[in-house]
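Chain residues, written in single-letter form:
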Amino acid sequence: MPLSLQSPPCATLSASIRKGRWKTLAAGFSVTPLPAVNFSLRRSIPRILASASSSSSPASSSLEAGENNELNAVSAFSEIVPDTVVFDDFERFPPTAATVSSALLLGICGLPDTIFRNAVDMALADSSCAGLETTESRLSCFFNKAIVNVGGDLVKLVPGRVSTEVDARLAYDTNGIIRKVHDLLRLYNEIDVPHDRLLFKIPATWQGIEAARLLESEGIQTHMTFVYSFAQAAAASQAGASVIQIFVGRLRDWARNHSGDTEIESAIKSGEDPGLALVKRSYNYIHKYGYKSKLMAAAVRNKQDLFSLLGVDYVIAPLKVLQSLKDSPAIPDDEKYSFVRKLTPETATYYHFTNKELVKWDQLSLASSMGPASV
């Protein structure tokens, strides 16, 4: 029976996502165990969450390059990437890179006039998926086709890399993550998307980090997410992850209402914000020991957060912060460099890490299999 290209198939996919088939869950991970932390994504309008561009140098070409304002000034130190609503703000703050996820597909299905709707409809009309035996296998096939089709469209729209979300239900299954990435990569190959334009977004559990290590050894670029502790950041960098994403504001929010984590309490005791402190430690670790990973600071809540992280590879900034920077009074040329770079590879060489912090990934992996008390 032929599939309709109108709302019914997309509605079916939307219903499946809402029921939790592809619900994104934060994977708890810490040297000292933290309570499970779940973050539900906004589902009214999808966001393109930026991943890293292929360039390692700050890029402000899409952020009003040449204008003499705070936005232009801070872009000289870090790549500032908009956390932008595709349908309302794509032209005002064009993203330099993007993430395609279940939340994005849900939003596309709810807005039939979007430029991405055809990509989803074409996936839902795929006869190879329709011919599968079980409902679960058909939905999984439709979903994979849709997320890759949208990812392929995004590759044409952004200059940087597009990160594809890996099903969070696989967060504790190394082989499952690798199989899923290979399946998605095969579909990207079918629509001629170059590998160097792709990242695969994986939860930073022990199993996820091990999957990233194996995928990176194959030349497949990975993007580690849900990083809330230094152990995760260190292990991900040792595993060779291309991008490590830390949610500054989320960690701050969690710390306000919880206690008992030694890493967070140590930051607070020293007068530091735990989210900002984690980014700084992770950056210094990566650069002091020569790991290839790029560090991404996300969930930045205000300009002061951004100013405190100048020098980090990428900062995902919300529109209100970008607008505030853009609308700031013009900065005289002789004052443009009054913004101070907080993080540099040179100063990272002097940062001190304890022996416990320098434990290697294989030791951490062995300890994790023996339980938290052994770490």
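Here is what the cut-offs are and how they apply
Residues numbered from 1 in each chain as written. Predicted model: local features only at pLDDT ≥ 70, side-chain atom pairs only at ≥ 80, totals over all residues. Heavy atoms only, no water. UniProt positions renumbered as here; feature names shortened; annotations may be inferred. Helix = DSSP H or I, 4+ residues; strand = E, 2+ residues; numbered from the N terminus. Buried < 20%, exposed > 50% of the residue type's maximum accessible area, 1.4 Å probe, protein only. Contact = heavy atoms within 4.5 Å. Areas by Shrake-Rupley, 256 points an atom, 1.4 Å probe, with all protein chains shown as cover. Axes fitted to C-alpha atoms, helices over the stretch in contact; angles between N-to-C directions. Parallel < 35°, antiparallel > 145°, perpendicular 65-115°, else oblique. Left-handed = near helix turned anticlockwise from the far one by under 90°. Disulfide = S-S within 2.5 Å. Phe/Tyr/Trp six-rings, centres within 6.5 Å; stacked < 30°, edge-to-face > 60°. Pairing = 2+ DSSP bridges. Right-handed = clockwise from strand over helix to strand, strands pointing away.

- The name given to the chain in an unreviewed UniProt entry is transaldolase, and the organism recorded there is Arabidopsis thaliana.
- Note on the chain: under the UniProt heading Sequence similarities (unreviewed entry), the record states "Belongs to the transaldolase family. Type 1 subfamily."

### Examining the overall build of the chain
Stage number 1. In terms of regular secondary structure, the chain is built from 17 helices and nine strands.
Stage number 2. When each of the 375 residues of the chain is scored for burial, the buried share is 55%.
Stage number 3. Taking the intrachain contacts of the chain between residues at least 6 apart in sequence as the baseline, contacts between residues at least 24 apart amount to 71%.
Stage number 4. Of the roughly 16,300 Å² of accessible surface on the chain, 52% is carried by carbon and sulfur atoms.

### Quick notes on helix 10 (residues 230-238)
Stage number 1. Counting buried residues in helix 10 gives nine out of nine residues, a clear majority hidden from the surface.
Stage number 2. Where helix 10 is concerned, the buried positions are Phe 230, Ala 231, Gln 232, Ala 233, Ala 234, Ala 235, Ala 236, Ser 237 and Gln 238.
Stage number 3. Phi for Gly 240, located one or two positions after helix 10, is positive at around 85°.

### Quick look at the packing of helix 5 (residues 117-124) against helix 7 (residues 135-157)
Stage number 1. It is the contact of helix 5 with helix 7, at a shortest axis distance of 8 Å, that shows an interaxial angle of 150°. For the element pair helix 5 / helix 7, the angle class is roughly antiparallel. Between helix 5 and helix 7 lies a crossing whose hand is right-handed. Counted together, Ala 119, Val 120, Met 122, Ala 123 and Leu 124 of helix 5 and Phe 142, Lys 145, Ala 146, Asn 149, Val 150 and Asp 153 of helix 7 form the full contact between these two elements.

### Here's the deal with the environment of Val 181
Stage number 1. Mapped onto the elements of the fold, Val 181 is located in helix 8 (residues 174-190).
Stage number 2. Owing to a relative accessible area of 0%, Val 181 belongs among the buried residues under this scheme.
Stage number 3. Residues Val 181 and Asp 167, spaced 14 residues apart in sequence, show a C-alpha to C-alpha distance of 9.7 Å.

### Considering the state of the cysteines
Each disulfide consists of a covalent bond between the sulfur atoms of two cysteine residues.
Stage number 1. All chains considered together, the criterion is met by one disulfide.
Stage number 2. Disulfide partner of Cys 129: Cys 141, at an S-S distance of 1.9 Å. Between Cys 129 and Cys 141 the sulfur-sulfur dihedral comes to about -65°; the bridge is accordingly left-handed. Of the two residues, Cys 129 is situated in helix 6 (residues 127-130) and Cys 141 in helix 7; the sequence distance between them amounts to 12 residues.

### Regarding the packing of aromatic side chains
Stage number 1. Scanning the entire structure with this criterion turns up 10 aromatic pairs.
Stage number 2. Here the aromatic rings of Phe 230 and Tyr 285 are separated by 5.3 Å at their centres, their planes lie at 90°, and the arrangement is edge-to-face. Here Phe 230 is found in helix 10, whereas its partner Tyr 285 is found in helix 13 (residues 274-288), with 55 residues between them in sequence. Each member of the pair, Phe 230 as well as Tyr 285, carries the same accessibility label: buried.
Stage number 3. Judged by centre distance (5.5 Å) and plane angle (80°), the rings of Tyr 285 and Phe 353 are edge-to-face. Of the two residues, Tyr 285 sits in helix 13 while Phe 353 sits in the loop between helix 16 (345-348) and helix 17 (361-369), which places them 68 residues apart along the sequence. Of the two residues, Tyr 285 and Phe 353, neither departs from the other in class, the shared state being buried.

### Brief notes about the pairing of strand 9 (residues 314-318)
Looking down a regular strand, the side chains alternate between one sheet face and the other.
Stage number 1. Of all the five residues making up strand 9, five are buried; the element is thus mostly covered by neighbouring parts of the structure.
Stage number 2. Across the two faces of strand 9 the burial is the same, with Tyr 314, Ile 316 and Pro 318 and Val 315 and Ala 317 all buried.
Stage number 3. As paired strands, strand 8 (residues 294-298) and strand 9 are joined by two bridges and run parallel to one another. When the bridges of strand 9 are listed, Met 296 appears paired with Tyr 314.
Stage number 4. With helix 14 (residues 303-308) bridging strand 8 and the parallel strand 9, this β-α-β connection has right-handed handedness.

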